[in-house]
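Listed here are the chains, written in short residue letters.
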Amino acid sequence: MPKQFFKRYSPDPKRIRDTPGLKFLGTRLQQPNLWHFNRHSISKGVAIGLFFTWLPFPFQSVFAATTALFFRANIAISVALVFITNPITIPPLFFFAYKLGNLVLGRKPMGKPIEFNMQWITQSLAEIWQPLFLGSFLLGLFCSMLGYLTVQVLWRQNLRHRMKLRAEKRSSKNDVSGLK
């Protein structure tokens, strides 16, 4: 079950609360939903993580953790999902965001070829930042809403399935005891 998987690989809340660098947060780190794996905290954590995955700026995990703290979402999930963007996935994801931003703004993409290196990015930033940020923001909103709803639906389906199995088990148990 996914709940056990997440529990096994998530950090220990007590250890995080006792981390000296996080003492300034005080009792805010002791809120139960930050560490529990229930439908609401997980779905909010997924939404936050997917939103910050798309934003093209550094320290996405810090922003995701801070937002999770504010919205009482699962911190581990929100920070883990930010790492969807990594050096391998960033170029295609942000290229797609740039293309979407151009489409929404009604602009044509840049005429010069796109290169994914720091020199090209710094030279072209004035031209690409608006479509890149708009596309990233829109994709972040879309993916976060889709992620939130997906977790809600899957969690409820799983709960219904487990309840159905439990009812069938009870029913079969009653049928066997009724035959005696």
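Residues numbered from 1 in each chain as written. Predicted model: local features only at pLDDT ≥ 70, side-chain atom pairs only at ≥ 80, totals over all residues. Heavy atoms only, no water.

**Let's talk about the overall build of the protein chain**
Applicable threshold: Here a strand is any run of E in DSSP of at least two residues, a helix any run of H or I of at least four, and the numbering for each starts at the N terminus. Relative accessibility thresholds used throughout: buried, under 20% of the residue-type maximum; exposed, over 50%; partly exposed, between the two (1.4 Å probe, protein chains only). Note on contacts: a residue pair qualifies if any of its non-hydrogen atoms lie within 4.5 Å across the two residues. What sets the accessible areas is the Shrake-Rupley method with a 1.4 Å probe; for residues, cover comes only from the shown protein chains.
Tallying secondary structure elements over the protein chain gives 7 helices and 0 strands in all. Walking the protein chain from its N terminus toward its C terminus, one meets helices and strands in the order α-α-α-α-α-α-α. For the protein chain, with 180 residues in total, the buried portion stands at 31%. Partitioning the intrachain contacts of the protein chain with sequence separation of at least 6 by distance along the chain shows that 70% fall at a separation of at least 24. Accessible surface, the protein chain as shown: approximately 12100 Å² in total, 67% of it carbon and sulfur.

**Description of the side chain of Gln-60**
Residue placement: Gln-60 occurs in helix H4 (residues 60-71). Looking at Gln-60, the relative accessible area reads 12%, which means it is buried. The residues contacting Gln-60, other than those within four sequence positions of it, are Phe-52, Thr-53, Leu-55, Val-82 and Thr-85.

**A look at the packing of helix H3 (residues 39-54) against helix H5 (residues 75-82)**
Applied cut-off: Interaxial angle, 0 to 180 degrees, is taken between N-to-C directions of lines fitted to C-alpha atoms, where a helix line uses only the stretch in contact. When describing relative orientation, an angle under 35 degrees is termed roughly parallel and one over 145 degrees roughly antiparallel, while 65 to 115 degrees is termed roughly perpendicular and anything else oblique. Should the near helix be turned anticlockwise from the far one by less than a right angle, the crossing is left-handed, and should it be turned clockwise, the crossing is right-handed. Any residue that is not Ala, Val, Leu, Ile, Met, Phe, Trp, Tyr, Cys, Pro, Asp, Glu, Lys or Arg is counted as polar, Gly included; the first ten are nonpolar and the last four charged.
Following both chains from N to C, one finds H3 and H5 inclined at 25°, their axes separated by 7 Å at the closest point. Classed by the angle they form, the pair H3 and H5 counts as roughly parallel. The hand of the H3/H5 crossing is right-handed. Contacts from Ile-42, Gly-45, Val-46, Ile-48, Gly-49, Leu-50, Phe-52 and Thr-53 in H3 reach Ile-77, Ser-78, Leu-81 and Val-82 in H5. Its residues assigned to classes, the contact of H3 with H5 shows 8 nonpolar, 4 polar and no charged.

**Brief notes about unusual backbone geometry**
Positive phi, close to 65°, is recorded for Phe-59, a residue that is not glycine. Position of Phe-59 among the secondary structure elements: in the loop between H3 and H4.

**So, the nonpolar core**
Filter applied, for reference: To qualify as a nonpolar core, a set must consist of buried Ala, Val, Leu, Ile, Met, Phe, Trp, Tyr and Cys residues joined through side-chain atoms within 4.5 Å.
Of all hydrophobic cores here, the largest spans 16 residues; its most connected members are Ile-42 and Val-46. Of all elements in the fold, only H3, helix H6 (90-105) and helix H7 (118-179) reach the threshold of two or more residues within this core. Examining the composition of this core, we find that 6 residues originate from one element, H7, more than from any other. Ignoring any residue separated from it by four or fewer positions in sequence, one finds Ile-42 in contact with Phe-37, Asn-74, Ile-77, Val-151 and Trp-155. By size, the runner-up hydrophobic cluster in this structure holds 11 residues, among which are Phe-52, Ala-64, Leu-69 and Ile-75.

**Focus on the packing of aromatic side chains**
Rule in force here: Pairing of aromatic rings covers Phe, Tyr and Trp, the last through its six-membered ring, and needs centres within 6.5 Å; plane angles under 30 degrees mean stacked, over 60 mean edge-to-face, and all others mean tilted.
Under the criterion given, the structure shown has 6 aromatic pairs. Ring geometry for Phe-51 against Phe-137: centres 5.8 Å apart, planes inclined by 85°, an arrangement best described as edge-to-face. Note that Phe-51 is positioned in helix H3 and Phe-137 in helix H7, a separation of 86 residues in sequence. When its relative accessible area of 39% is taken as the criterion, Phe-137 is described as partly exposed. By way of ring pairs, the aromatic residues Phe-51, Phe-52, Phe-57, Phe-63 and Phe-137 are connected into one cluster.

**Observations concerning H6**
To keep it simple, the criterion reads: Helix span, expected: 1.5 Å multiplied by one less than the number of residues in the helix. As used here, the arc belongs to the directions running from the helix axis to the C-beta atoms.
Between the first and last C-alpha of H6 there are 22 Å, a value that for 16 residues agrees with the 22 Å anticipated at 1.5 Å per step. All of the buried residues along H6 are Phe-94, Ala-97, Tyr-98, Gly-101 and Asn-102. Summarising the axial view, the buried residues of H6 lie within an arc of 135°, below the 170-degree limit, and thus occupy one face. Where H6 ends, the next residue or the one after it, Gly-106, has phi of about 75°, a positive value.

**Digging into the confidence of the model for the protein chain**
For clarity, the cut-off: pLDDT measures the predictor's confidence residue by residue and takes values from 0 up to 100.
Per-residue confidence for the protein chain averages 82 on the pLDDT scale, and 74% of its residues sit at or above 70. Looking over the protein chain, one finds the lowest element-wise mean pLDDT in helix H1 (residues 2-9), namely 63, and the highest in H3, namely 94.

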